[in-house]
Amino acid sequence: MKYYLLVGEASGDLHASHLMRALKNIDPEAEFRFFGGDLMSEIGGTRVRHYKELAYMGFVPVLLHLPTILRNMKMCKRDITEWQPDVVILVDYPGFNLSIAKYVKSKTNIPVFYYISPKIWAWKEYRIKNIKRDVDELFSILPFEVEFFEKKHHYPIHYVGNPTADEVRGFLEEKERKGVKELRREGVKTNDGKPVIALLAGSRKQEIKDNLPAMIEAVKTYEGEYDIVLAGAPGVDKEYYGQFVEGKNVEVVYNQTYPLLSRAHSALVTSGTATLETALFRVPQVVCYETPLPKIIGWLRKRVLKVKYISLVNLIADREVVRELVADSFTVGNIKNELAKILAGPERQKMMEEYEEVWKRLGEKRAPEEAARQMWGILNDK
């Protein structure tokens, strides 16, 4: 079969490459054509555009690059029509992908599948109309989305498991096979045998600028007892981190987030997938997310946002498992207080026990393999 995939950022490239590999295992004759990245190119097929030509975030960058975005969108529509795939598979990135879905649905008979559903439960819930109209099958990686789409909006979806859980499970299985000594030589190297406080301050420069200084200030008290280790984001150079860590007892490590979390005693984490990764490694954490105009954002969060929590851990558990310090609650003092609670004592133990419920809710399915199996079945039935 012919598969046309569309992604718009690095995480989409990763998830789509795993899906492509799983599809290839089921369908040896699979042909791929895609807007994607280097990881997808390694699987094979034809890359039409790199996702970096699409990945503009924020109002001003999008406005400045609007001609490029529109040109790529027009080219994508034409390319799909000419290639006539058996299915178009959209991966996250709803701004671009839902426009493509609308075109494909209205102008062709090609089925549209969506892998990693748009997070409309958090904002832009009105997009459910577009999804119902333009998407044939929706594949979710978050268990709580089933209730949102099926019960609230009467739109059936497929929960296929969670890729982050797959990756953490795979790492832990490898650790078990290799043994602790061998794995440590590949992982985080600290100066001594002290326990580690991990800092995961986000993947974008603005996030790092907003969150990291307060994190470093909050852990200063513990420098004698703990090693402070910062997980460097792949796209951020060492010089950028230098302005924050110079003269501080903070070690920066790159491409070692999982080895770091496997050794961490506790963590300060900026919201995102990192909160779930930290929970799956059973590391007690405080979620820290600074925003501009904190008092206003704090007020809006309580009255405008559709969800009670910002961390995936709490959203999956449907209760506050980890403390979220966001907007007006984000202060160095609050971070210190919450960190102290999880370094030792009953709150630390309670959090680790509740992490087991998160694992349970995510289930045992391997997301790419399950999604590929279901997609193949649906396409063959049609």
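Parameters at a glance
- Residues numbered from 1 in each chain as written.
- Predicted model: local features only at pLDDT ≥ 70, side-chain atom pairs only at ≥ 80, totals over all residues.
- Heavy atoms only, no water.
- Helix = DSSP H or I, 4+ residues; strand = E, 2+ residues; numbered from the N terminus.
- Contact = heavy atoms within 4.5 Å.
- Areas by Shrake-Rupley, 256 points an atom, 1.4 Å probe, with all protein chains shown as cover.
- Phe/Tyr/Trp six-rings, centres within 6.5 Å; stacked < 30°, edge-to-face > 60°.
- Buried < 20%, exposed > 50% of the residue type's maximum accessible area, 1.4 Å probe, protein only.
- Pairing = 2+ DSSP bridges.
- Axes fitted to C-alpha atoms, helices over the stretch in contact; angles between N-to-C directions.
- Salt bridge = Lys/Arg side-chain N within 4 Å of Asp/Glu carboxyl O.
- 1 Å grid on protein atoms, 1.4 Å probe; cavity = no way out; pocket = protein on both sides within 12 Å on 5 of 7 lines; lining within 4 Å.
- Points joined across faces, edges and corners; volume = space filled by probe spheres on them.
- Nonpolar A, V, L, I, M, F, W, Y, C, P; charged D, E, K, R; others polar.
- Core = buried A, V, L, I, M, F, W, Y, C linked by side-chain atoms within 4.5 Å.

### Topic: the overall build of the protein
Here is step 1: Scanning the protein for helices and strands turns up 18 helices and 13 strands.
Here is step 2: Contacts in the protein between residues far apart in sequence, at least 24 positions, make up 66% of those at least 6 positions apart.
Here is step 3: Total accessible area on the protein stands at roughly 18,200 Å², and carbon and sulfur atoms take up 52% of it.

### Quick notes on the packing of aromatic side chains
Here is step 1: Within the structure shown, the criterion is met by 14 aromatic pairs.
Here is step 2: Ring centres of Tyr3 and Phe32 lie 5.6 Å apart, and the angle between their planes is 35°; on these two criteria the pair is classed as tilted. Taken together, the positions of Tyr3 in strand β1 (residues 2–6) and Phe32 in strand β2 (residues 31–36) put the pair 29 residues apart, joining distant regions of the chain. In this structure, Tyr3 and Phe32 share a single accessibility class: buried.
Here is step 3: Each ring, one from Trp121 and one from Phe144, has its centre 4.9 Å from the other, and the planes form 80°; the classification is edge-to-face. Placement of Trp121 in the loop between β5 (112–115) and α6 (128–134) and of Phe144 in the loop between β6 (137–140) and α7 (145–152) is noted, with a sequence separation of 23 residues between them.
Here is step 4: An aromatic cluster is built from Phe35, Tyr93 and Phe96, whose rings are joined through pairwise contacts.

### Regarding the sheet that holds strand β11 (residues 264–269)
Here is step 1: Sheet architecture is open: 6 strands sit in the order β10-β9-β8-β11-β12-β13, paired in parallel fashion. The open sheet is flanked by β10 (250–254) and β13 (323–326), the only strands paired with a single partner. Each neighbouring strand pair of the sheet contributes to a mean axis angle of 25°, computed without reference to strand direction.
Here is step 2: Where strand β8 (residues 196–200) and strand β9 (residues 227–232) come together, 4 bridges link them in parallel fashion. Bridge pairing in β9 links Val196 to Asp227.

### Quick notes on unusual backbone geometry
Here is step 1: Of note in this structure, Gln84 is not a glycine but carries a positive phi near 50°.
Here is step 2: Locating Gln84 in the fold gives a position in the loop between α4 (66–83) and β4 (87–91).
Here is step 3: Assessed through its relative accessible area of 44%, Gln84 is described here as partly exposed.
Here is step 4: Despite not being glycine, Tyr93 shows a phi value in the positive range, around 50°.

### Examining the sheet that holds β6
Here is step 1: Read from one edge of the open sheet, 7 strands run β3-β2-β1-β4-β5-β6-β7, paired in parallel fashion. Each of the sheet's edge strands pairs with one partner strand only, and the pair in question is β3 (46–50) and β7 (158–159).
Here is step 2: The sheet contact formed by β1 and β4 spans 4 bridges and is parallel. Paired with Tyr3 across the strands is Val87, a residue of β4.
Here is step 3: Each of β1, β4, β5, β6 and β7 touches helix α18 (residues 367–381); the most contacted strand, β5, lies at about 170° to it.

### Things to note about the pattern of salt bridges
Here is step 1: As enumerated under the stated definition, the model contains 17 salt bridges in all.
Here is step 2: Salt-bridge contacts for Asp92 lead to Lys119; the nearest nitrogen and oxygen are separated by 4.0 Å. Here the residue Asp92 occupies a position in the loop between β4 and α5 (94–107), and Lys119 occupies one in the loop between β5 and α6, the gap between them amounting to 27 residues.
Here is step 3: Since its relative accessible area comes to 32%, Lys119 is described here as partly exposed.
Here is step 4: Between Asp166 and Arg169 there is a salt bridge whose closest N-O contact spans 3.4 Å. Placement of the pair is Asp166 and Arg169 together in helix α8 (residues 163–178), with a separation of 3 residues, close to one helical turn.
Here is step 5: Among the charged side chains, a salt-bridge network with shared partners connects Asp166, Arg169 and Glu364.

### Quick look at the layout of surface pockets
Here is step 1: Taken as a whole, the second largest pocket holds about 390 Å³ of empty space.
Here is step 2: Of all the secondary-structure elements, those providing two or more residues to the lining of the second largest pocket are α7 and α15 (312–317).
Here is step 3: At 3 residues, α7 tops the list of elements feeding residues into the lining of the second largest pocket.
Here is step 4: For the lining of the second largest pocket, the residue count by class is 7 nonpolar, no polar and 7 charged.

### Some points on the nonpolar core
Here is step 1: Core analysis: the largest hydrophobic core is formed by 130 residues, its most contacted members being Leu5, Leu6, Ile89, Tyr115 and Leu199.
Here is step 2: When residues of this core are assigned to their parent elements, the largest contribution, 7 residues, is made by helix α10 (residues 205–219).

### So, the environment of Met351
Here is step 1: With respect to the element layout, Met351 can be found in helix α17 (residues 346–362).
Here is step 2: Taking the relative accessible area as the measure of exposure, Met351 reaches 7% and is therefore buried.
Here is step 3: Residues Met351 and Val321, spaced 30 residues apart in sequence, show a C-alpha to C-alpha distance of 6.1 Å.
Here is step 4: Sequence-distant contacts of Met351, that is, excluding residues within four places in its chain, are made with Pro284, Gln285, Val321, Val322 and Ile342.

### Points about the side chain of Asp134
Here is step 1: Mapped onto the elements of the fold, Asp134 is located in helix α6.
Here is step 2: By relative accessible area, Asp134 is classed as buried at 2%.
Here is step 3: Those residues in contact with Asp134 that lie beyond four places of it in its chain are Leu98, Ala101, Lys102, Lys105 and Val112.

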